[in-house]
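Descriptive structure summary
Here's the letter readout for the chains.
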Amino acid sequence: KQGVSSCTACPKGQSQSAAGQSECDDCTAGTYTNTTGSTSCQNCDAGKTSDSSLAVVCTNCPVGKYSLTASTECFNCTRGFFADSEASSSCTACEAGRIAKKQGASKCTVCPKGQSQPASGQSECEDCKAGTYTDRNATSSCSECEAGKVSALKGSKQCSACPEGQFQSATG
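Let us look at the structure shown here. (Residues numbered from 1 in each chain as written. Predicted model: local features only at pLDDT ≥ 70, side-chain atom pairs only at ≥ 80, totals over all residues. Heavy atoms only, no water.)

1. Quick word on the overall build of the protein
Looking only at helices and strands, the protein features zero helices and 18 strands. Relative to the 2.2 N^0.38 estimate, which gives 16 Å for 172 residues, the radius of gyration of the protein is 29 Å and therefore markedly larger than a compact globule would have. For the C-alpha atoms alone, the extent of the protein along its principal axes is close to 115 × 15 × 15 Å. For the protein, buried positions account for 29% of its 172 residues. (Helix = DSSP H or I, 4+ residues; strand = E, 2+ residues; numbered from the N terminus. Rg over C-alpha atoms; globule rule 2.2 N^0.38 Å. Buried < 20%, exposed > 50% of the residue type's maximum accessible area, 1.4 Å probe, protein only.)

2. Some points on the pattern of salt bridges
A complete count under the given rule lists two salt bridges for this structure. A salt bridge links Glu-124 to Arg-79, with the shortest nitrogen-to-oxygen separation between them at 3.7 Å. With Glu-124 in the loop between strand S13 (115-116) and strand S14 (126-127) and Arg-79 in the loop between strand S8 (75-76) and strand S9 (81-82), this pair connects stretches of sequence that are 45 residues apart. Note that Arg-98 and Glu-95 form a salt bridge whose closest N and O atoms lie 3.3 Å from each other. (Salt bridge = Lys/Arg side-chain N within 4 Å of Asp/Glu carboxyl O.)

3. With respect to the nonpolar core
Residues Phe-82, Cys-94, Ala-100, Ala-105 and Cys-108 constitute the largest nonpolar core, which totals five residues. Excluding residues within four positions of it along the chain, Ala-100 makes contact with Arg-79, Gly-80, Phe-81, Cys-94, Ala-105, Gln-122 and Ser-123. (Core = buried A, V, L, I, M, F, W, Y, C linked by side-chain atoms within 4.5 Å. Contact = heavy atoms within 4.5 Å.)

4. What about the state of the cysteines?
For the structure shown, the criterion picks out nine disulfides. Disulfide pairing places Cys-77 opposite Cys-91 at an S-S distance of 2.0 Å. Here Cys-77 and Cys-91 share a disulfide; its torsion about the S-S bond, -80 degrees, makes the bridge left-handed. Of the two residues, Cys-77 sits in the loop between S8 and S9 while Cys-91 sits in the loop between S9 and strand S10 (92-93), which places them 14 residues apart along the sequence. A single burial state applies to Cys-77 and to Cys-91, both of which are buried. Linked covalently through their sulfurs, Cys-94 and Cys-108 form a disulfide whose S-S length is 2.0 Å. Across the S-S bond of Cys-94 and Cys-108 the torsion is about -90 degrees, and the bridge reads as left-handed. Of this pair, Cys-94 sits in the loop between S10 and strand S11 (98-99) while Cys-108 sits in the loop between S11 and strand S12 (109-110), placing them 14 residues apart in sequence. Like Cys-94, the residue Cys-108 is buried in the burial classification. Not part of a disulfide, Cys-7 finds its nearest cysteine sulfur in Cys-10, a span of 10 Å. (Disulfide = S-S within 2.5 Å.)

5. Things to note about unusual backbone geometry
Even without being glycine, Leu-54 reaches a positive phi, approximately 65 degrees. Positionally, Leu-54 belongs in the loop between strand S5 (48-49) and strand S6 (59-60). Backbone geometry places Ala-138, a non-glycine residue, at a positive phi of 60 degrees. As for its placement among the helices and strands, Ala-138 is situated in the loop between strand S15 (132-133) and strand S16 (143-144).

6. A look at the packing of aromatic side chains
Within this structure, the stated rule accounts for one aromatic pair. Arranged with centres 5.9 Å apart and planes meeting at 45 degrees, the rings of Tyr-66 and Phe-75 form a pair that is tilted. A residue is classified by how much of its surface remains accessible, and Tyr-66, at 24% relative accessible area, is partly exposed. Judged by relative accessible area, which is 33%, Phe-75 ranks as partly exposed. (Phe/Tyr/Trp six-rings, centres within 6.5 Å; stacked < 30°, edge-to-face > 60°.)

7. Overview of the side chain of Gln-14
With respect to the helices and strands, Gln-14 occurs in strand S1 (residues 14-15). Residue classification places Gln-14 among the buried residues on the basis of a relative accessible area of 16%. A polar side-chain atom of Gln-14 sits 2.6 Å from a polar atom in the side chain of Asp-26. Setting aside chain neighbours within four positions, we find Gln-14 in contact with Cys-24, Asp-25, Asp-26, Cys-27, Thr-33, Ser-38 and Leu-54. (Polar contact = N/O pair within 3.5 Å; in protein donor to acceptor, adjacent residues only side chain to side chain.)

Here it is, written out as structure tokens:
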């Protein structure tokens, strides 16, 4: 009978931190090792995940999603936020005048003429109130109608001149 003359290196996706062991330990979900003979598994970086044991690499989160360090899954950006690149560790708030209606957005959309959004990180545009308007996209506020003009409806893109025989001396 011949004795054992050598030890075997742990394969990729497994490690062993203690001497004198008879087997290797699997890297757990959220960790990986891409080298043989590893003494430990590394955490996946933020923006990357491994959802199973024995991972050799971590996978980038797709656009619209993010993850934290040692994560086993990617999470959708919440409404009003976006991630426009792979491997994001966080989501960015849409700036004023722009929104993300759905979770998991990869970009923000502009508020159309007649609507605005004064705050960042929002999911809905607001109609301009009666007496105000905006004739531009992506605005953070609506403007008051100047004297001699009115906008009777909310969501106005312009103000109309008072007809002959009528006037409006106030703004808004």
